[in-house]
Each structure stands twice: as C-alpha cells, then as structure tokens.
2 protein chains.
Amino acid sequence: MLAEFSFFENIAIFGVLGIAFLGLAYAFWLRRQILAEKPQISERGLLVWQGIKDGAEAYLNSQWQKIRLGVGLLTVLLFLSVWIVPPSQEALMEFGDKARLVVAFGRAGAFLMGATFSLLVGRLGMRMAVEGNLRVAGAAQKLDYPSALRLAYRAGTITGMLTDGLGLLGGTLIFILFRKAAPDALLGFGFGGTLLALFMRVGGGIYTKAADVGADLVGKVEKGIPEDDPRNPAVVADLVGDNVGDCAGMAADIFESYEVTIVSALILGLALWHLTGEVKWIVFPLLVRGIGVFSSILGTYFVRGEKDKQNPMGAINRGFYTSALISIFGFGAVAWGYMGEWRAFASTVLGILLAILIGRLTEYFTDYRYSPVLSIARSTKTGSATTILSGLAVGMSSTVWAIFLIAAIVGVTLLIYSGQPVAFVLYGVAMTGIGMLTLTGNNVAMDSYGPIADNAGGIGEMASFPQNAQRILAKLDAVGNTTKAITKGVAIGSAVIAAISLFGSYITDVEKVAPGVLASGIRISEPKVFVGLLIGGALPFLFSSLLINAVSRSAQTIIEEVRRQFKELKLLEGKNKPDYARPVALSTAAAQKELLSLGVIAVLSPVLVGLLLGVEGLGAFLAGVILSGQLLAVFMANGGGAWDNAKKYIEEGHLNGKGSEEHKAAVVGDTVGDPLKDTAGPALNPMIKVINLVSVIAAPVLVQTSLSLPALIFAELVLLGAVILPFWKRS
Amino acid sequence: MLAEFSFFENIAIFGVLGIAFLGLAYAFWLRRQILAEKPQISERGLLVWQGIKDGAEAYLNSQWQKIRLGVGLLTVLLFLSVWIVPPSQEALMEFGDKARLVVAFGRAGAFLMGATFSLLVGRLGMRMAVEGNLRVAGAAQKLDYPSALRLAYRAGTITGMLTDGLGLLGGTLIFILFRKAAPDALLGFGFGGTLLALFMRVGGGIYTKAADVGADLVGKVEKGIPEDDPRNPAVVADLVGDNVGDCAGMAADIFESYEVTIVSALILGLALWHLTGEVKWIVFPLLVRGIGVFSSILGTYFVRGEKDKQNPMGAINRGFYTSALISIFGFGAVAWGYMGEWRAFASTVLGILLAILIGRLTEYFTDYRYSPVLSIARSTKTGSATTILSGLAVGMSSTVWAIFLIAAIVGVTLLIYSGQPVAFVLYGVAMTGIGMLTLTGNNVAMDSYGPIADNAGGIGEMASFPQNAQRILAKLDAVGNTTKAITKGVAIGSAVIAAISLFGSYITDVEKVAPGVLASGIRISEPKVFVGLLIGGALPFLFSSLLINAVSRSAQTIIEEVRRQFKELKLLEGKNKPDYARPVALSTAAAQKELLSLGVIAVLSPVLVGLLLGVEGLGAFLAGVILSGQLLAVFMANGGGAWDNAKKYIEEGHLNGKGSEEHKAAVVGDTVGDPLKDTAGPALNPMIKVINLVSVIAAPVLVQTSLSLPALIFAELVLLGAVILPFWKRS
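Residues numbered from 1 in each chain as written. Chains lettered and ligands numbered in written order. Predicted model: local features only at pLDDT ≥ 70, side-chain atom pairs only at ≥ 80, totals over all residues. Heavy atoms only, no water.

Re the overall build of chain A
Logical step 1: In terms of regular secondary structure, chain A is built from 20 helices and zero strands.
Logical step 2: At 25 Å, chain A has a C-alpha radius of gyration in line with the 27 Å of a compact globule built from 731 residues.
Logical step 3: Summarising the internal contacts of chain A: among those between residues at least 6 apart in sequence, 84% fall at separations of at least 24.
Logical step 4: Element-wise, carbon and sulfur atoms account for 63% of the exposed surface of chain A, whose accessible area totals about 23,300 Å². (Helix = DSSP H or I, 4+ residues; strand = E, 2+ residues; numbered from the N terminus. Rg over C-alpha atoms; globule rule 2.2 N^0.38 Å. Contact = heavy atoms within 4.5 Å. Areas by Shrake-Rupley, 256 points an atom, 1.4 Å probe, with all protein chains shown as cover.)

Brief notes about the nonpolar core
Logical step 1: Ranked by size, the top nonpolar core spans 513 residues in total, and within it Y506, I524 and V672 of chain A together with Y506, I524 and V672 of chain B carry the most contacts.
Logical step 2: For Y506 of chain B, the contacting residues outside a window of four places in its chain are L518, V615, L618, G619, L622, S695, V696 and A699 of chain B. (Core = buried A, V, L, I, M, F, W, Y, C linked by side-chain atoms within 4.5 Å. Buried < 20%, exposed > 50% of the residue type's maximum accessible area, 1.4 Å probe, protein only.)

Observations concerning the pattern of salt bridges
Logical step 1: Applying the stated rule across the entire model yields 58 salt bridges over all chains.
Logical step 2: Ionic pairing is found between K677 of chain A and D644 of chain A, a salt bridge with its closest N-O pair at 3.5 Å. Note that K677 of chain A is positioned in helix α19 (residues 661-704) and D644 of chain A in helix α18 (residues 595-651), a separation of 33 residues in sequence. Per residue, the accessibility class of K677 of chain A equals that of D644 of chain A, and both read buried.
Logical step 3: Linking E561 of chain B and R582 of chain B is a salt bridge whose minimum nitrogen-to-oxygen distance equals 3.4 Å. Of this pair, E561 of chain B sits in helix α16 (residues 527-568) while R582 of chain B sits in helix α17 (residues 581-593); the two residues are 21 residues apart in sequence, bridging distant segments of the chain.
Logical step 4: Each member of the salt-bridge network shares a partner with another, and the members are K209, D212, D644, K648, D674, K677 and D678 of chain A. (Salt bridge = Lys/Arg side-chain N within 4 Å of Asp/Glu carboxyl O.)

Some words on the relation of the copies chain B and chain A
Logical step 1: Laying chain B over chain A is done by rotating through 180° and shifting 0.0 Å along the axis; what remains is an RMSD of 0.0 Å. The transformation just described matches what one would write down for a two-fold rotation axis. Minimal C-alpha separation from the rotation axis in chain B is found for R523 of chain B, amounting to 2.2 Å.
Logical step 2: Taken as a fraction of all interface residues of chain B, those also at the interface in chain A reach 100%, which identifies the copy contact as same-surface. (Least-squares fit on C-alpha atoms with pLDDT ≥ 70 in both.)

Some details on the environment of V103 of chain A
Residue and element names in this part refer to chain A.
Logical step 1: With respect to the helices, strands and loops of the structure, V103 is situated in helix α4 (residues 99-141).
Logical step 2: Through-space distance from the C-alpha of V103 to that of T438 is 30 Å; in sequence the pair is 335 residues apart.
Logical step 3: Setting aside residues no more than four positions away along its own chain, V103 makes contact with V82, P87, A91 and D184.

A look at the side chain of K647 of chain B
Logical step 1: Structurally, K647 of chain B is set in helix α18 (residues 595-651).
Logical step 2: Here K647 of chain B is in contact with K220, H663, A666, V667 and D670 of chain B, once residues within four sequence places are set aside.

Brief notes about unusual backbone geometry
Logical step 1: Non-glycine residue K570 of chain A carries a positive phi angle of around 50°.
Logical step 2: A positive phi angle, close to 45°, is found at R179 of chain B, a residue other than glycine.
Logical step 3: With respect to the secondary-structure elements, R179 of chain B resides in the loop between α5 (145-178) and α6 (182-223).
Logical step 4: Judged by relative accessible area, R179 of chain B falls into the buried class, the value being 19%.

Quick notes on the interface of chain B and chain A
Logical step 1: Contacts between the two partners involve 96 residues from chain B, matched on the other side by 96 residues from chain A.
Logical step 2: Both faces considered, chain B and chain A share a buried interface measuring about 8,500 Å² in area, 82% of it formed by carbon and sulfur atoms.
Logical step 3: For the pair chain B and chain A, the number of links is zero salt bridges.
Logical step 4: No other element matches the 23 residues that helix α12 (residues 384-416) of chain B contributes to the side of chain B that touches chain A.
Logical step 5: Classifying every residue of the side of chain B that touches chain A gives 66 nonpolar, 20 polar and 10 charged. (Buried area = accessible area lost by both parts, 1.4 Å probe. Nonpolar A, V, L, I, M, F, W, Y, C, P; charged D, E, K, R; others polar.)

Re the confidence of the model for chain A
Logical step 1: Averaged over all residues, the pLDDT of chain A equals 88, while 95% of them reach at least 70.
Logical step 2: For this predicted complex, the interface score ipTM comes out at 0.92, alongside a pTM of 0.93. (pLDDT = per-residue confidence, 0-100.)

Some words on a nonpolar patch on the surface
Residues and elements named next belong to chain A.
Logical step 1: Taken together, L22, W29, F294, L298, Y301 and F302 make up a surface patch of nonpolar side chains, about 560 Å² in accessible area.
Logical step 2: Listed by contribution, the elements that provide at least two residues to the nonpolar patch are α1 (7-36) and α8 (280-301).
Logical step 3: The leading source of residues in the nonpolar patch is α8, at three residues.
Logical step 4: Note that W29 resides in helix α1. (Patch = residues over 30% accessible without salt bridge, like charges linked within 9 Å, V, L, I, M, F, W, Y side chains within 5 Å.)

Quick look at α17 of chain B
At 3.6 residues per turn, the α-helix brings residues three or four places apart onto the same side.
Logical step 1: Along its 13 residues, α17 of chain B runs 19 Å from first to last C-alpha, staying within 8% of the 18 Å computed at 1.5 Å per residue.
Logical step 2: Packing partners of the buried residues in α17 of chain B comprise α2 (43-80), α6, α7 (235-276), α16 and α18 of chain B. (Expected span 1.5 Å × (residues − 1).)

Re the packing of α1 of chain A against α8 of chain A
All names here are of chain A.
Logical step 1: With their axes 9 Å apart at the nearest point, α1 and α8 run at an angle of 30° to one another. Taken as axis vectors, α1 and α8 run roughly parallel relative to one another. The crossing of α1 and α8 is left-handed. Taking contact as the criterion, the partners of E9, A12, I13, V16, I19, L22, G23, Y26 and W29 in α1 are, on α8, V283, L286, L287, G290, V293, F294, I297, T300 and Y301.
Logical step 2: Residues that form the contact of α1 with α8 fall into these classes: 14 nonpolar, three polar and one charged. (Axes fitted to C-alpha atoms, helices over the stretch in contact; angles between N-to-C directions. Parallel < 35°, antiparallel > 145°, perpendicular 65-115°, else oblique. Left-handed = near helix turned anticlockwise from the far one by under 90°.)

Structural notes on the packing of helix α10 (residues 343-366) of chain B against helix α13 (residues 422-436) of chain B
Residue and element names in this part refer to chain B.
Logical step 1: One way to put it is that α10 packs onto α13 with a least axis distance of 7 Å and a crossing angle of 50°. Between α10 and α13, the angle is such that the two are oblique. Two packed elements cross with a definite hand, and for α10 against α13 that hand is right-handed. Where α10 approaches α13, its residues A344, S347, T348, L350, G351, I352, L354, A355 and I358 are matched on the opposing element by Y427, G428, M431, T432, G435 and M436.

Regarding helix α11 (residues 371-379) of chain A
Logical step 1: When α11 of chain A is considered as a whole, its buried residues turn out to be P372, V373, L374, I376, A377 and S379 of chain A.
Logical step 2: In this structure, the buried side of α11 of chain A is in contact with α10 (343-366), α12 (384-416) and α18 of chain A.

Things to note about the environment of A463 of chain A
Residue and element names in this part refer to chain A.
Logical step 1: If you trace the backbone, A463 turns up in the loop between α14 (440-462) and α15 (467-513).
Logical step 2: Residue classification places A463 among the buried positions, given a relative accessible area of 10%.
Logical step 3: With near-sequence residues (within four places) excluded, A463 lies in contact with S42 and G45.

Section: the environment of A20 of chain B
Logical step 1: Among the structural elements, A20 of chain B can be located in helix α1 (residues 7-36).
Logical step 2: In this structure, the C-alpha to C-alpha distance between A20 of chain B and R289 of chain B, residues 269 residues apart in sequence, is 9.3 Å.

Comments concerning the packing of aromatic side chains
Logical step 1: Scanning all chains against the criterion turns up 42 aromatic pairs over all chains.
Logical step 2: Here the aromatic rings of Y368 of chain A and Y649 of chain A are separated by 5.4 Å at their centres, their planes lie at 50°, and the arrangement is tilted. Of this pair, Y368 of chain A sits in the loop between α10 and α11 while Y649 of chain A sits in helix α18; the two residues are 281 residues apart in sequence, bridging distant segments of the chain.
Logical step 3: For Y368 of chain A, a relative accessible area of 24% corresponds to the partly exposed category.
Logical step 4: Y649 of chain A sits in the buried class, given a relative accessible area of 17%.
Logical step 5: Taking the centre distance of 5.6 Å and the plane angle of 85° together, the rings of W401 of chain B and F404 of chain B count as edge-to-face. Of this pair, W401 of chain B and F404 of chain B both sit in helix α12, three residues apart, which is roughly one turn of the helix.
Logical step 6: Against the face of W273 of chain A rests K180 of chain A, its NZ or CZ located 4.7 Å from the ring centre.
Logical step 7: The cationic tip of R289 of chain A hangs over the ring face of Y258 of chain A; the distance from NZ or CZ to the ring centre is 3.8 Å. (Phe/Tyr/Trp six-rings, centres within 6.5 Å; stacked < 30°, edge-to-face > 60°. Lys NZ or Arg CZ within 6 Å of the ring centre and 35° of its normal.)

Brief notes about the side chain of K209 of chain B
Logical step 1: Along the chain, K209 of chain B turns up in helix α6.
Logical step 2: Apart from residues lying up to four places away in sequence, K209 of chain B is in contact with G214, V551, D674, P675, D678 and T679 of chain B.

If you want it as structure tokens, here you go:
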C-alpha cells in the first residue's frame, strides 16, 4: 500500500501493474499459439528461412557485443553520479539515510532496465516475426488465407504487447518503488530505452538499406532478374534487413516513444502534485495507459480473416477502431468519475485525434490515390532528375503541414489550459503524447505485420510456391506497406510531442535542482542562447548526412560482393548456388561501424553545449534539435514514401508500366528515398530524445559548473579549429 | 551641417556621401568606356545577341508590370501608416509640428527609394552585362585576351559600383535627412530593397532554370547535341536566363544584403547613441562603408589581363586583395584615430575573416579538388541514385559547418564584448555584417563577370567563332564558375549575419515603441512562443517546395515547346530556323506566375503570426525562419554546386568522361541541383529578410493589438482548417 494514496488509488495503481502483466501474459500466450503451429513447407523453403533466422540472430549478437561496453560504462557512471549530483529533497524524505544508495541503485538499475526492455522488445519481437514468417508461408502454401492473416497479425501482436507490457511495467514499477523520488530513476529508464533504440534504429537502418540497395541495384537493375530471385546472393541479406530494420528497429523505436511519454508525463505530473497537493495528476497517466493496453488486448484479439472476403486491411482496421472506442470510453469514465476534470481528458483525446490526423496526412502525401504521388509519377515522363525534384518538393511540403498540425495541437492545448500556469500546459502536451500512443499495441502489431508478410512472400518466391499461394502472400504484403507507412507517421508525430514534453521536463527539472536559474525562461533574444539554437538546429543535418553516407558506403561493399559472385559463380546461368552468408556478414559489419560515433555525438553534444553555453543555451539547443529534427524527419520519411509508391503506381501498369523509361526513373526515385525514409529519417526520432534526456540528466551538474573565461576561449578555439581544420586537408 | 556632430564628423559624413557619388561616377565612367568600344562581329552573332537583349528587356518589363501594383499599394500603406503608428519621440523632437507629415513621406519615400535602387541595380547591371557580352565576344574574335578580360570584368564592375554607390547613398542620405528619427525611414528603405530582391530572385531563379532544364533535357539528353547549339530553340532563352538570374537577380540580392546591413547597423548604432550619448556609433559604420567603396574603386581598377599570362583568376584576386588591404588599414586608422576603441574594429575585421572563411568552406564543398565532390563523382559509378544520395549528404554536412562557423563568430563577438550590455553585442554582430560586405564592389564585379563570360562564350559558339577565339572565351567562362560560387557563399553567409542583426533590431525596436513588452526577452520556454518557433521553421521548407515545383512545372512547358519545334520544324536536320522567341516568352510568363503568391506569404505571414502569438511569439517565429532558412539555403546551394562540379570533373575526362554512364548519372545530379542552387536556395536570403523587416515594421501595431479569446479560437480554427482541408480533396 502506498501511503499518500487513497484506497481506490492504490487499487488503480496496482491494477495498472496487473494490466502490464496481463499484456505480457497475452504476448506469451500468442507465442505459444504460434509455435504450436507446425508448418509444412518444402526443404528449399526451410533452408531459406534458416538463413534468414541465422542472419538476424547474428546481427543482434554482433550489435550487442559492440555496444555492451558503452552500456556498462554508462551504468557505472549513473551509479557513481550520486556523489556528484546528490539525491533530491524528495529522495531524502522518502528514504532518509539510505537515500544515496537507493538513488544510486535507482539511476543505474532503471537505466539498465530501460536498455534491457528495449533490447528485449526488439529481440523477442524479431524472433517471433521470423517464426511467424515461416508459418504464414506454410498457411499460404495450404491456400489457407484466414490462418495466414491471423498468424501474420498475431506474430506482430506479440511485439505490440511486449512494447505495451514492458513499457507500462517499467514506468509503474519505478513509480511504486520511488514515489515522489521517481524522476531520477524515470530519467534513467527513459535514457536506457532511447539509447538502445538509437542503436537499433541506426544499425538496423543501415543494414536493411545497404542490403536492399545492393540486392536491387545489381539484381533488378543490372541483371534484370526479379526481386527475391534466389539467384541473387544478397536476397537473404535483404530479407534479414526487413527483420532487423522494420521489426527490431521499429519496435525499439516505438517502445522508446511509449516509455518516454510516460516518463515525461510522470515527471510533469509530479510537478503538479507538488504545485496542487493532488496526487491525481500522476495516477491519471498510469490509468490512461492501463486502459490503452487493455483495449489493445481486446482489439487485436478480434483481428482475423474471413474465408470469403480477402480484405486484410478491413480486419486490421476493425481491430483498431474497436480498441480506440473502448479507450475513449474508458478515459471518459476515469475523467468523470475520478479526476473530476475535463482538461486532462480533452488532451488525451486530442492525442488520439492527432494520431488519426497525422495518419491521414501521411496517407495523403504518400498514397498514389492523391495528387502528390501522382505528380511524382507524372514527372517520371521527363526522367529521373524531375522525379527526384518533385519528390523533394512533396517531402518538403508534407513536413510543413505536419509541423503546422503539431503547432495547432499545441495551440489548442493552450486554449484548453488558458488562464492556468505553464506547468499545466506542459502536462497537457504530455497527456496528448500519452493519448497518441494509447493504441501502441495495435500500431506495433500492424507495423510488425508488414515485414512478416514481406518475408513470407520472399520465402514463397524463393521456394517457388504455386501461383495462387503466392497471390495470397502478395495480397498480405501489399497491405503491409500501408500499415508500415501509417505507423511511421504516428511514430514521428509522437516523437515530436514526446520531445516537446521532454523539453518541458527539462525546464521543470532545472527549476527544481536550481530554482531561479531558468526563472527568466530560455531567451533566444540573448546572443549566447541564440548560438545554442543555431548549433542545435545543425545537429539533425549532421546525423542525416552521416547516415546517408554510411548507407552509400555499405551498399557499395554489398554491390561489389554481389557483382563478384554473379561473375565468378556464373549465377545467372544457374551453374552454382550463391553464397548467401557473405552479404549477410558484410551488412552486419557495415551496420555496426557508425554506431559508436553517432552514439557518442548524441550523448556528448548536449554536455559540451551545456558547458559552453550554460543551461539556458542548452535549452535553446534542445529547441533547435527538436525543430530541425522534426522538419527533416518528416521530409525524409514522406519524400521516401512518396517515391516508393510512385514506383508502385507505375508497376501496376500506369505510365507504360514495368520496364519502361518511366519505371526506370521511378526506381531511381525509390532508391534515393530508401535510405531517407528507412535509415536517416527514423534514426532522428531516438536521436532527438537521447539528446533531450541526456540534457535533463546532465542539467544538475551543468548548473553547478561554470567555465572560466580562459577555458571558454579555449573551448571556442577548439570548436573553431574543428570547423576549419578539415578544409585545409585536401583529398 | 548636422548640429549634434563635431566639425570632423560633419566632414566625414558628407565625405561618405561624396564617396557614394564617386562610386556612381566611376560606374558611369566605366559604362562610357564600354559603350565606346565598337565591336566588330558577324551578323549572325549580332542577331543572337539582339535576341538575348530583347528577351532580357522583355522579362524585366513584364515583371515590373506584374509587381508595380503591389509596390504602389505598399507605398500608400506606408504613407498612411503614420495615422496608426504615430511618429517616434525622436521625430517629434526633430521636426516638431511637421513630424507626422515628414515621417509619412519618409516611410513611403524611403520604401520607394529602396525598391527603385534595387530595380536600378538589377536593370542597369543586366543591361551593361548584355552590352559587355557582345564586346567581350568581339575582343575574343580579334584574339585580344587582355581586352576581353578587361571588358568582362569592367562591365561587371559597373553593377558592383551601382550596388556600392546606391546602397551607401540611400543609407547616408536618410541618415542626414532624418538624424535620430532615421530608423523609420531606414526600415522602409530596407523593405523596398529586399522586397524587390525577393521578386528578382524568385522570378529570375525560375526563369533561368526553367529555360536551362528545358534546353538541356531536350537538346543535350534527348537529341544529343552540344550545349549552346544554335539548332536548339531554347538556347536563347537559356542565355537570357543567365542574365536575368545570375546578373539581375544576384545583383538585387547582394544590394539588398548591403542595404540591410547598414540599416541594422544604423538602427543598433542609434540605440547605442541613446545609451551612451556618443554619436560615434553611427558615424563608424558609415565611415567603414565609405572606406570599403573607396578601396573597391581602387582595387577593381587594377584588374587587367596581361598578354603573356592568360590567368584571369590571378588578376581578379590581385584586385580583391588590394581592396582588402586598403580597407583594413583604413578601418584601423579610423578605430585608432577617431573611435578610440578596438572592439568595433575587431568586429569589422571579423567580418572580413568570415567572408574569407565562408569562401574557403564553399570552395571545399563544391570544388573538385577536394574530397566531397570527388566522392560524388565516384558515386556516379553506381548510377544516378547513389549520385543523388551522396550529393544530399555533401549538402547537409556543408550546412552544418557553415552554421558552426557562424555560431563561432557570434561566440567570438560575445567574448569581444564580454561584460558589456547586450546592445553592444548586437552592434558587434551588425558590424561583422558590415565588415563581410566591405568588398561588395569587388564581389559583385566578380559575380557579374560570370554570366558575361558565359554569354560571350554562347555567342561565340552560336556564331561559329574560330577555335582559338572560342578557347579564350572558354577560359574566361571557367573562371566565372568559380567566382560565382564564391560570391554565392558570401551572399548566403552575409544574409544570416544580416538576419541576426535584424533580429537584434526587432528586439531593440519593440523595446523602443513599447518598453517592457519584451523586457523578459523571447522565451521559447513559453509554449505559445515555442509554437512561433515551430511555424517559423516550417516556412523556408514551404518556400523551397513551392519554388522547386514552379521550376518543374515551367521546365515542363519549355520541354514540350522545344520538342514540338524539333519535330515540326525538323530542326535537327537543319531544315528550318528555330523560333527562339517562343521559349523566351514562355519562360517569362512562367517566371511571373509565382511572384505574387510568394510575395504575399512573405509579407503577410509575420503579420498573421504576430496577431496570433504576440510580439514574443513573432520573435521566435523570426528565429525559426532564420535557423531553418540558413540550414536549407546552404544545403541547397552547396549540394547543387557540388553536383555541378562533379559533372564538370567527369567532363574533363575522368571516370570515362563525357558520354559515359558515369557522365549520365552526373548530369542527373546536376539537373537536380540546378533549381536547388539557383532558384530555391538563393530566394531564401531575401525571403528571410523580407519577413524580418515586415516584423520590425509591424511590431508597433502588433504591440497595440490583442485578439480576444473568441477571435483567437477562430484564427486557430482557420489555421487548423487550412491544414486539414487539402487532405480531403482527392486528386
């Protein structure tokens, strides 16, 4: 029993904990169900599948080896940090003498828990996807469409429920254990999750696109063989890439958003508790999350295929709207019966609305039923240059509308809370974030469904399934592209809302550890603070450029290897079997190369900026990162999605169809868009949040540190030197 | 005699006015010299030239017809504005009863003067460039290299001196007439200049690229004939485009930067006069400008070719460094003898340093002697998709370093003025802007030289000059590409510095008209202000997307016309003469279409944002526009420049040279880069400043206006509606 809470509140909080376990149990039950299915599949299909499975495992293992030292180091650092940043007033009140030790274990333990959960979601989710592939392919081979759909969706739901369950479990557990002293541990939990998500996104993103570009450029473009042709040595690497990028990467990413929104909602809720003396501000987000998980369990359960109508999207949507309806009713009941307050409810529903609107917006800019993609398709008539140009324009205008939408939502939040202190507005924004991610279970299920259907299709093609079996798989796959696009939109939109509420936590947190330091706010009218804004805005461009280069370089390696195999093994003539393992190994190695440097930039840049420009400058730096990060992320995601679908539109027979000059131009557009939408764009979400969280965590130290003028001059000179030096080094 | 000033100061100020007239007289003298040259050229060459001349005039005339109503309307509005925003305290003190009328005429007259000067610089500069073309071609035909170089550079210098002279004349004149009441009129002067520059940049940018892409795609790619081949009907339109884009557009753009830096330096200087009681803060920027113009006259005069060494770049650089050296000594003398202060001097020299560093940075990222362009060239081996990707990465990383450089310069300024009030820091930034543009005379001369050499080469090719004459023209042309790239870098860098000091003027100005309103600064920690930042950041993306689309659409029109002519007139077989006039007319019409809508967005958006979010939110909006505008502008300019030179590198015989697969990929890169670097990127500079100036001008009204809650809700709904509506409209 928690002392400060009423009996009902205690029941509610522990009930939420129970729902978290229920979600995990549901995931476990689904897993048993999937594994119980014994797929009957040809030996050739099984061999391909084994290759995918081994490749995916190998990737995750080698990634873990690369990052474990860093994770360990950070754990120790966080443990030791209590001797620099002493426990908060609240911790001393809660734990008395033992406060220091408790907080030390809290910070380090929560970080480790966040990292582990993120890893688990990615890893288990991916494993289940791989197991699911085989069984979906098996069901299709038996021409059993309902089973194929059910298996694909349920294998995806496992990841969804892991995300829901572990995210809710971590947040609730930390809150129960640390109560008012929770913020410290919560930040550690969020940091662990986002850092791992950054690694999974960066590694997975590079892997999947290097393999994809490598397989396509040599296979489809140079040799003129179809996608997933078993003669292509990079085809297994390509399928592995779908799993490590779209499954493990996306799952870790959404888990991270899910986690960070609850972290900032709890931190801002604790500030309101402090302000108003009412505990309901922290109980509410937990209850909302609990209701969301519960309704996701119900909604996803009802997704199944009907034998007569082969309409996978209809079934998936039915599940989604069921969950949404249950949630809204649940929120209303809690608001009416417990909160006695309409504002927090309105913010939550605003979040669901935002998720739907962003979905619509993404659809408008990336679906070929609408003018943007059609304009790209038309521009293929004048070649690849105009195709690229119109895609860039579509991406740019989509990001404008997305940011206007978010600005409008914050504006509405301001109206809802007009007359209230800023702390309430920030809480409202955080609750909008919670609302947006209410149906994470469904979203992740829909998203993971994508690569499962894709891989099943690949297995079907490589194992030469009969035509009508392949047709079932193709139908499932086509829907997967739509669900993937929708989830990507929601992931990006929620990332900004989460980042804005983290930005709010930063201000709240600095105010708490050093009252008065940010009393005058973050004033970009101060030149020093403005410099922070400039530097922050540049960072997402730096990240994107590094990631695009990484994909180009890695793809280069794969291309050369595939060309070599085609030539030496005479693959086109079918003389020898290709060596699938080498492209897999090369992609794995390439994906790890950039991890550490990008991780170091994300973790160290806020600390350096904070030392140089102080906490106010660091605040502006965060704003710059959020602004240009959001603009670039949506630009790249939607531009890439639009090119992709312009190509699909032509492949369906429009504008002279496959093989025409128009199609060639569209393929160039798609190849340009791929690393933008699947590597650089998605990696910006966790990057924004790692930087935000590190800033909040480092703020207490930065407040106490102030560089002397000579040190400042030295640091400036180093900065200037770093800028100028590379330009004198001729290549 | 000005009362508040010492005898020496009076002499100095009127001396500066004298130098402005001297600059104009020098321009006039050069013009006479050029026109005195009687070119002997074949009839065919003369015909081509007449086509270029008529096309360029027609473009400017039709543009003027399109915008004159808007310019007239704004003049009347500014005149009437005194009845809404009364004259300042200073104006009442200076002019007593007549203050209202004087200020009304001041605001409207200064706006008209700014617009007229901008138009004059663009128009006369372009005319002289066209006259210069013919004579450079004539000199080359006589194999007279020294005359060809001298004529090309001197024709360019006319534009440079017009920029210098008119910019200095306007600022000084307004200052002499209005003294302490100058800010009002200065803002009008700046606004007139930037608005016209925006129109010239947008119109010229669309024109030049639509014609260029149209001519190249059909001529070079589809028909396989060389550039500037007289059988291509769009070739005259292409040459006209060089004049209206690179000459008139660039000249108006730099004139605008030149003007705006003096406007903000004078406004911030007046604030310091107010603060310290010393007039030297306003005299200094005028003196610095005067010295700069004087040294530009000397430096440009000494640029001439030597018969034995055909090294145009060496001669041009010699002129530049002569001017730089004279300037720095001059600044030092003024600082030591008059200011008795080292800080303002240091800021000015920092500006010259920044100009040189940004030049180096641009060179590093866009010259094929360095690794970025070489990496793009190498990526052509795997086709156009990888070429595009590596160009995007190069553009992105270049913008990171450019913004770091600017941040470092502001940081150094902070160190220089450490311990001083913010007003001094802002003044320092403004003086850095003044310093950067010290050598505008030389820069514009170098830049205008580019299209003159280019056009002369085109005339030579179309009139079938002998080989050795064409070789002279080719050498002059190659240098033109380098000088153009350097000036573009300086123009963009100075634009940001100018924008930052305008941002400073905004804060200073709001403080003056409504003391206390911005007393707490511009706090992005306030959600409402943060919304301003988000919306501001989106605007440059909106502009870019509209401009890229405009180029695509216009190019489409040209392509279809050129294809039609090739087919119907059997041009390839040389049966008929192409109709050069129609592509010219089509480009002219296409370039005007977007002018008004883009102008309206730039002028109205700050007013709307100000009404919605207040002056503080508008401040953050400006910061957002500056941040993402700078990031995008450099990204597009350098990405485009890098693709261009990667193509040139291959055309010089590397990587299998012209006609190879690598070359084709490089051509795609170049075609994508063209509208980025010559239309969208350059248009962002004046856009940023128009928005800034409108904000400063509108601030006094906004301070007095406050929307009621229902009006606010209504405005929010309109905003939301504007966002959502387009997405329900299926194509």
